[in-house]
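Each chain is listed here by its residues.
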Amino acid sequence: MDGESRETASTTISLLLRHVRRLGGEEAVAEVLARAGVHQDAALLENPSTWVGYDTRIRLFEAATAVLDDPNTMFTVGAGSVIGDIQPVLVQLLSVFASPGAIYRQMPRMVPKFTTTSTMDAIKVAKTTATVGYRLHEGYRPSRLDCQYAQGLFSSVPAIFGLAPARVSHPRCQSDGYPECEYELTWSMREHWWSRRARNRFVDASLTVLRDKVREVQLAAADLVSSDDLDEMLARIVDRAGSAVLAPGYLLIVEPDGGGAPLVRHRGVTEARADDLVERMLRGEQLGERALVVDIASNRRIHGHLAALFPVGHTAMVGDRALLEAYAGHAAAALDLFTALEESRRGGLRTAALLSLAHELATSDSVEGVADVVAESLPTIVGSDSAAVLLWDADLGELRPVASTGLGTPQREQFLQTTISVDQTPELIGLLTRQELVLITADGASPALGDLVRSVGVHSLVAVPLLAGDVLMGVATVSWRGAVGEAVLVDAMARIEGVSHQGATAMQKARLLATVRYQSQHDALTGLPNRVLFAARLDTALSECRDGSTSAVLFCDLDNFKRVNDRLGHQVGDELLRQVAARLRAEVRGGDVIGRLGGDEFAVLVTELEGEAAAIELARRTVDCLNHPFHLAGQDLRISASVGVAVHTGPGGHGEHLLDEADGAMYTAKRTGRNQIAVAGRQEEPGATGPSLPLELACALDENQMRLHFQPVVDISRAGEERVVGAEALIRWEHPRLGLLAPAAFLPLAQEMGLLPELDLWVVGAACAAVADWPRPAVRPYGVAVNLDAATLLDRRLVPTVRAALNRHALAPERLILEVVESSALIDLPGIVERLVELRRLGIHISLDDFGTGFSTLAWLNTLPVDQIKIDRSFIMNLPDAASVPLVQGILALALKLGVEVVAEGVETRDQLEILRASGCVLAQGYLLGRPSATFDPLAGRPLTAPGAAAGRRPLTNSTEILPEPSPNSPNPVF
């Protein structure tokens, strides 16, 4: 009934329901409630604290009259109010009067006890007559049944004194349009033989009712201590106040034990009026005659105040204060008992929480787990409303919330998503520097922190650093929704400090444990999961795989990785593995797993695939991504990889078996030529199974599958007049199934098979044939450069092949340049120098490729018969870096003194070109000047453009006009 207006006290409704129950039983009571549309049960309606609206009262009157089928029902109920089941409040009101006239005179003061919708006036009262006015307030519909009830009540007053009931005349009724109802009462003062007995019965009944009243107050007090929840207890104090004093409204103010905002409960009062009354009471103001205010006090303390509130123009009755004070005393005793029990309960909970904290911290194996344990236990141990733990990120200078308890769900989510920057919160700067407790309030905090505190509904909080020795792990906080007293804060500070020491130590241990666990499950070089962790995640993924969903393992092994370690050292090999891991990460999805199983072996676990084709496509992308050059030790290095694929569909499956299948497929890919993929149980290339790659390579020359591409070499000595002077011949394999393959895809295999000399000798012949058909410029013919492996230099067929090619195509020897890679093999292999000398005798020019990156020294230029050096691209790519310019200029100056021509490789930017030209470099090649092409046609008119040409600079051209004459100090030209 809380949502209904408090207009009629339960006294009237209780009289009505008792009358119905006496005549018709519980069934009749239920029918009355149903007809009246009242959904509450009879017990609630008869509760002393229950009030109903005027409309509900009239509907109940009408329903009772209909159910009992008695038009005089309400007169009978009114008459029975003092001669039947007398109500305690009526005894309280009537027992102090000595005559019927005295009661009629005081009735206007009694009416507000029962209703707020009517006003009564004693117009004229004599010894045996009285005229009474009864007016229903404006806005309410008059009811004749209400008049009947009033007439019955007025008629029964003389019966209290053993007299005959009064006769009631009702000449005017509001239902007939009069401004008020008027009742004329007449009674006789003549006592009959039974009058004394009747009066004695009323006195006895009154004493019984008063005893019941005291008992009811005691029972109400006993009911108060039956709850272990403070909110419920305060609500009961307000609800049961009607057992002591009947009033339309009640207000309760209780000041908490630990200080802070008072607890307010009210009934029958609007929020606005309750707030106003609370402010006035807290300021010590008197509320006037309309309020009866008593202290809720015990020998231990004053807990607060209880007020009974009356309508305008009405005050408390005689005896109300005594009853309300008695009730307030019982309420204070209940609060004392509750406080004692609560303190005892909190002590027990605190002890249990401390024991649980120690146990949970000992078993928590992560920093976040420790934070959850600490945050969960702090409110119980400290006595706060909420708690939180934030971890310290020294690199970012931020506190990151990781655990919170006691906040509402929206506030908790907002808090956990907010990082706190120390440079915006002076309070935290002090906490982190002095490493001491800090008290923060919403009103006194810095703007950023104050906004955060208020947004999550916190008023006061205590923050303490989590220190493990001198290491700051984070911050723990306890907080309250309202202001709290100093005693509470002092106690909280002592308790949270003890918890913080345990939490910080546990966090440090968890962090060390996490580090050890991580190191035991991850590869130290790449940070990827090792074989143990990969296998565990593989088993988990297979067990969780859904029906119809495909999982796959890709086993990836680098081809000829040992050669990288042997040739460039283990540091370069380690860096290569790190870069391989980075490329693999870029190819897979976020939820996929990459592991380094050992050495140069990697594995990839992919789940939720649509089928085997998706796994094969990923394997193909993996092979392709590893074919691109890696930049290591100042040079570009190309590698290849062999990948085995094993696929499983649906749940279940054995992880180790799937990994073994992928491993076996990888070895199949290696046996069939490397740089490809194979699926478990069959060799796999796109489409059907093909022949072995080594066999295909062995037959490639016979089947005319090798091709030459040419990259131009340009004279850059004159800005704007750059000219092509020759080209470098580069081999390609036109594979019938795989398309055009770059050297990195097949030269390592050719080296293992001993086919490099065959390929080199073919390139010599093909290059000579190509250059013989090139156009001849006016001054100097174009030259062509061919790379030779060290094994080819030792092959006895080299010199005859070169001689035959020159003769067959009538080619001048100086138009052929043979390039050898700077390597320890050039010195360590016996006879290498003699072979180079023999070639030079034919008129062939010798070029030292990749100069500056191998194991040689500049003294080799005096040892080897070299006409030209090619500065490695690793030096050129760092231009215009201040450290690289002097190195390039030094090489150019030394070559000039020794009479050796210089070609700069890898020129890709305009800045590099300008620095080389300014340093005296004459020849260069690179993507800026021209990319490798299947044809060499410098007269085609295609300009060699570069970034910056459109900005006012002249583009590079393929002009074949007369070249500038070399200076007397220039080396003999090779191109």
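Residues numbered from 1 in each chain as written. Predicted model: local features only at pLDDT ≥ 70, side-chain atom pairs only at ≥ 80, totals over all residues. Heavy atoms only, no water.

Things to note about the overall build of the chain
Stated precisely, the cut-off is as follows: Runs of E in the DSSP output that reach at least two residues are strands. Runs of H or I that reach at least four are helices, and both are numbered from the N terminus. Areas reported as accessible are Shrake-Rupley estimates using a 1.4 Å probe. Residue values count occlusion only from the protein chains shown.
Helix and strand content of the chain: 32 helices and 33 strands. Of the roughly 44000 Å² of accessible surface on the chain, 52% is carried by carbon and sulfur atoms.

Brief notes about the side chain of Glu819
Using the following cut-off: Partly exposed residues are those whose accessible area sits between 20% and 50% of the maximum for their type, while under 20% is buried and over 50% is exposed, using a 1.4 Å probe and protein chains only. The term polar contact refers here to a pair of N or O atoms within 3.5 Å; inside protein, the definition further demands a hydrogen-donor-capable atom paired with an acceptor-capable atom, and it admits residues adjacent in sequence only when both atoms are side-chain atoms.
Mapped onto the secondary structure, Glu819 falls in strand S29 (residues 816-821). Looking at Glu819, the relative accessible area reads 0%, which means it is buried. One polar contact links Glu819 to Lys870, side chain to side chain, over a distance of 2.8 Å.

Focus on the pattern of salt bridges
Keep this limit in mind: Here, a salt bridge means any side-chain nitrogen of Lys or Arg that lies within 4 Å of a carboxyl oxygen of Asp or Glu.
Counting across every chain of the model gives 33 salt bridges. The salt bridge partner of Arg280 is Asp276, with a shortest N-O separation of 4.0 Å. Of this pair, Arg280 and Asp276 are both found in helix H10 (residues 271-282), four residues apart, which corresponds to roughly one turn of the helix. A residue is classified by how much of its surface remains accessible, and Arg280, at 22% relative accessible area, is partly exposed. For Asp276, a relative accessible area of 37% corresponds to the partly exposed category. A salt bridge links Asp559 to Lys670, with the shortest nitrogen-to-oxygen separation between them at 2.7 Å. A residue pair is termed long-range when its members are at least 10 positions apart, and Asp559 in the loop between strand S17 (550-558) and helix H18 (561-568) and Lys670 in helix H21 (residues 655-671) qualify at 111 residues. Take Asp559: its relative accessible area is 4%, and that puts it in the buried class. It is possible to trace a salt-bridge network through shared partners that takes in Asp276, Glu279, Arg280, Arg283 and Glu285.

Overview of the sheet that holds strand S8 (residues 263-267)
Here is the rule: By this definition, two strands are paired if DSSP reports at least two bridges between them. Note on method: axes are straight lines fitted to C-alpha atoms, helices fitted across the in-contact stretch only, with angles between N-to-C directions ranging 0 to 180 degrees. Contacts are assigned to residue pairs with any non-hydrogen atoms lying within 4.5 Å of each other.
If you walk across this open sheet you meet the four strands as S8-S7-S10-S9, and the pairing is antiparallel. At either end of the open sheet lies a strand with only one pairing partner, and these are S8 and strand S9 (291-297). Averaged over all neighbouring strand pairs, the angle between strand axes comes to 15 degrees, with direction disregarded. Helix H9 (residues 230-239) rests against strand S7 (249-254) and S8 of the sheet, and its axis sits at about 40 degrees to S8. H10 contacts S7, S8, S9 and strand S10 (302-309) of the sheet and is inclined by roughly 50 degrees relative to S7.

With respect to the sheet that holds strand S16 (residues 471-480)
An order of S13-S12-S11-S16-S15-S14 is seen for the six strands of this open sheet, with the pairing classed as antiparallel. Each of the sheet's edge strands pairs with one partner strand only, and the pair in question is strand S13 (420-421) and strand S14 (438-441). Pairing of strand S11 (residues 386-393) with S16, which is carried by six bridges, proceeds in the antiparallel orientation. Residue pairing for S16: Val389 is matched across the bridge by Ala476.

Comments concerning a negative patch on the surface
So the rule is basically this: Every patch collects residues that have over 30% relative accessible area and no salt bridge, joining them within 9 Å if they carry like charges and within 5 Å if they are nonpolar side chains (Val, Leu, Ile, Met, Phe, Trp, Tyr). None of His or the chain ends enter the tally, which takes Lys and Arg as positive and Asp and Glu as negative. By convention, the point assigned to a charge is CZ for Arg, NZ for Lys, CD for Glu and CG for Asp.
Together, Asp539, Glu656, Asp660 and Glu661 line one region of the surface with negative charge. Counting residues per element, the negative patch draws most heavily on H21, which supplies three residues.

Notes on the pairing of strand S4 (residues 129-136)
On a regular strand, one side chain projects to one face of the sheet and the next to the other, so that they alternate. Here S4 lies mainly inside the structure; six of its eight residues are buried. Two elements, strand S3 (residues 118-125) and S4, share seven bridges in a ladder whose sense is antiparallel. When the sheet's bridge partners are listed, Val125 is paired in S4 with Ala130. The loop that links S3 with its antiparallel partner S4 comprises three residues. Direction of pairing for S4 relative to strand S6 (residues 181-186): antiparallel, over a ladder of six bridges.

Thoughts on the packing of H18 against helix H19 (residues 570-587)
The criterion, for reference: Angles are sorted into four bins: roughly parallel if under 35 degrees, roughly antiparallel if over 145, roughly perpendicular if 65 to 115, and oblique for all others. Under the grouping applied here, Gly and all other residues not named as nonpolar or charged are polar, the nonpolar ones being Ala, Val, Leu, Ile, Met, Phe, Trp, Tyr, Cys and Pro and the charged ones Asp, Glu, Lys and Arg.
Running from N to C, H18 and H19 cross one another at 140 degrees; their axes reach a closest spacing of 6 Å. Relative to H19, the element H18 is oriented oblique. Seen from H18, the contacting residues are Phe561, Val564, Asn565 and Leu568; seen from H19, they are His570, Val572, Gly573, Leu576 and Leu577. In terms of residue class, the contact of H18 with H19 is built from six nonpolar, three polar and no charged.

Describing the confidence of the model for the chain
Which entries qualify depends on this criterion: The predictor attaches a confidence to each residue, and that confidence, scored 0 to 100, is pLDDT.
On average, residues of the chain score 80 in pLDDT, and 84% of them reach the 70 mark or higher. Of all the helices and strands in the chain, helix H8 (residues 195-224) carries the lowest mean pLDDT, 49, while strand S33 (residues 923-924) carries the highest, 94. Counting contacts from residues 202-211, a segment whose pLDDT is below 50, to residues more than four positions away or on other chains yields nine contacts. When the criterion is pLDDT under 50, residues 940-970 qualifies, and its contacts beyond four places in sequence or with other chains add up to 50 contacts.

Concerning unusual backbone geometry
Residue Pro880 is reached from Leu879 by a cis peptide bond, and omega for that bond is 5 degrees. Positive phi values are uncommon outside glycine, yet Asp69 reaches one of about 55 degrees. The topology assignment puts Asp69 in the loop between helix H3 (54-68) and helix H4 (73-83). For Asp69, a relative accessible area of 68% corresponds to the exposed category.

Quick word on the packing of aromatic side chains
For the record, the criterion: Only Phe, Tyr and Trp rings take part, Trp by its six-membered ring, and two of them pair if their centres are within 6.5 Å. Stacked means planes under 30 degrees apart, edge-to-face means over 60, and tilted covers everything else. Charge-over-ring contacts are defined here by two conditions on Lys NZ or Arg CZ: a distance within 6 Å of the ring centre and an angle within 35 degrees of the ring normal.
Enumeration over the complete set of coordinates arrives at eight aromatic pairs. Judged by centre distance (5.4 Å) and plane angle (85 degrees), the rings of Phe710 and Trp774 are edge-to-face. Of this pair, Phe710 sits in strand S25 (residues 706-715) while Trp774 sits in the loop between helix H24 (756-772) and strand S28 (783-788), and the two are 64 residues apart along the sequence. Residues Phe710 and Trp774 agree in their burial class; the two are buried. When the centroid spacing of 5.7 Å and the interplanar angle of 80 degrees are considered together, the rings of Trp733 and Phe746 count as edge-to-face. Of this pair, Trp733 sits in strand S26 (residues 723-735) while Phe746 sits in helix H23 (residues 743-753); the two residues are 13 residues apart in sequence, bridging distant segments of the chain. The burial state of Trp733 is the same as that of Phe746; both residues are buried. Directly above the aromatic system of Phe630 lies the positively charged group of Arg583, at a separation of 3.5 Å from the ring centroid.

Focus on the packing of H24 against helix H26 (residues 798-808)
Inclusion rule: Crossing handedness is read from the near helix: turned anticlockwise from the far helix by less than a right angle, it gives a left-handed crossing, and turned clockwise, a right-handed one.
Closest axis-to-axis distance for the H24/H26 pair is 9 Å, and the angle between their directions is 15 degrees. Compared by their axis directions, H24 and H26 come out roughly parallel. The way H24 lies across H26 gives a crossing that is right-handed. Two secondary-structure elements touch here, H24 through Leu761, Val764, Gly765 and Cys768 and H26 through Leu798, Thr801, Val802, Ala805 and Leu806. In the contact of H24 with H26, the residues fall into seven nonpolar, two polar and no charged.

What to know about the environment of Leu879
You can see Leu879 is positioned in the loop between helix H30 (873-876) and helix H31 (884-898). Considered as a pair, Leu879 and Gln912 are 33 residues apart in the sequence and their alpha carbons are 5.7 Å apart. Beyond its immediate sequence surroundings of up to four residues, Leu879 is in contact with Ser884, Val885, Val888, Gln912, Ile915 and Leu916.

Points about empty space enclosed by the protein
Short version of the rule: Buriedness for pockets is judged along seven lines, at least five of which must meet protein on both sides within 12 Å for an open set on the 1 Å grid over protein atoms alone, while cavities are sets there where a 1.4 Å probe fits but cannot get out, and lining residues have an atom within 4 Å of a point. Grid points are joined across faces, edges and corners, and a volume is the space filled by probe spheres set on the points.
All told, the structure shown has five cavities of 30 Å³ or more when counted by the stated rule. Here the second largest cavity is characterised by a volume of approximately 260 Å³. In terms of lining, the second largest cavity is formed by 22 residues, of which the most central are Ala388, Leu390, Phe415, Leu461 and Thr477. Put simply, the parts of the chain that give the lining of the second largest cavity at least two residues each are S11, strand S12 (398-405), helix H15 (447-455), strand S15 (460-468) and S16.

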